[in-house]
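# Working through the structure, step by step
Each chain, written out:
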Amino acid sequence: MSDTDEKTQGRSIWIRLWPVYVIAAGLLAAWAFGVFDYLSLDTLQAHNSTLQAFVAEHLVIAFIVYMLVYAAATAFMLPGSVFTIAGGLLFGLAGGSVATVIGATAGASILFFAARTSLGKAMNERAGKLVRRLEGGFKEDAIFYMFSLRLLPVVPFNVANVVPALLGAKYREYAFTTALGIVPGVLAYTWIGASLGATFDAGETENLFDVVKNFIPALAALGIVALLPVAYRKIAGRKAARLEEAAK
């Protein structure tokens, strides 16, 4: 390969990395405008009455806006736990869970297509160790691997959004395993939000016993979610062990 070809290929790779620039710009903008300062339970409590009033008057709009915001937060790799809790606070356990699963899957899909159409080409040319280690097992059983990436804490959520695209996953299977795999965690954190709403509505934030009482179901759900990987390892057996070993 000539020097000219190498320079052209180098420039091409930098151009194809445009999704990275967009995500980085979004994160910098969020930091500059103080978005991270609002991602807290204190903020939710301070603005709870205003948010609840808006939801009561404009339920459909609020539902759609929430899903769009969650999708954008996922695409820009912002922390999702506070958004999930906010969904439970605003829409209850059922409504918040549905809205969060849709929003999170949509945001993950944005990263999936960005990785496949541009970023993935550059990353495949410089394939990381994780992608190479997962490649063999992924070709053997893609659905199992994608579902396991969601249930087993082997890689961060944002990494799990991109890796399947780099390994040539079908989007239909990716969307299905993403939506299904995040349900347990979404339910647990949304339940916390719903419990938080009940606490705020009753004005019980000063009474520790009442606060704990409201949160017992949500805490139990979190405990179950924490035990799911253990149960899944038992059920999946050697496949799960190979995945965890490859991800190390």
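You can see T190 is positioned in helix α12 (residues 183-202). The class of T190 is buried, set by a relative accessible area of 0%. Of the polar contacts made by the side chain of T190, one reaches the backbone oxygen of V186; its length is 2.6 Å. Residue contacts for T190: discarding those within four places in its chain leaves T84, G87, G88, G92, L93, G96, S97 and T100.

Here we take up a nonpolar patch on the surface. On the surface, a cluster of nonpolar side chains totalling about 330 Å² of accessible area is made up of F54, I61, V65 and V69. Structurally, the position occupied by I61 is in helix α6 (residues 59-75).

What follows concerns helix α14 (residues 238-247). Those residues of α14 that fall on the buried side of the exposure criterion are A240, L243, E244, A246 and A247. End-on view of α14: buried residues confined to an arc of 160 degrees, all on one side of the axis. Facing away from the buried side of α14 by more than 90 degrees, the exposed set consists of R238 and E245.

By size, the foremost hydrophobic cluster in this structure holds 28 residues, and its most contacted members are L134, F138, Y145, L167, Y232 and L243. When contributions to this core are tallied by element, the ones reaching two or more residues are α7 (81-125), α8 (129-140), α9 (142-151), α10 (157-166), α13 (208-236) and α14. Discounting chain neighbours no more than four positions away, the residues touching Y145 are L134, G137, F138, R242 and L243. Counting residues in hydrophobic clusters, the runner-up holds 15 residues, among them M67, L90, F91 and V101.

Before going further, it helps to examine the environment of A188. Within the secondary structure layout, A188 lies in helix α12. For A188, a relative accessible area of 1% corresponds to the buried category. Dropping the residues within four chain positions of it, A188 is found in contact with A221, L222 and V225.

Rules behind the numbers
- Residues numbered from 1 in each chain as written.
- Predicted model: local features only at pLDDT ≥ 70, side-chain atom pairs only at ≥ 80, totals over all residues.
- Heavy atoms only, no water.
- Helix = DSSP H or I, 4+ residues; strand = E, 2+ residues; numbered from the N terminus.
- Buried < 20%, exposed > 50% of the residue type's maximum accessible area, 1.4 Å probe, protein only.
- Polar contact = N/O pair within 3.5 Å; in protein donor to acceptor, adjacent residues only side chain to side chain.
- Contact = heavy atoms within 4.5 Å.
- Patch = residues over 30% accessible without salt bridge, like charges linked within 9 Å, V, L, I, M, F, W, Y side chains within 5 Å.
- Areas by Shrake-Rupley, 256 points an atom, 1.4 Å probe, with all protein chains shown as cover.
- Salt bridge = Lys/Arg side-chain N within 4 Å of Asp/Glu carboxyl O.
- Arc of directions from axis to C-beta.
- Core = buried A, V, L, I, M, F, W, Y, C linked by side-chain atoms within 4.5 Å.

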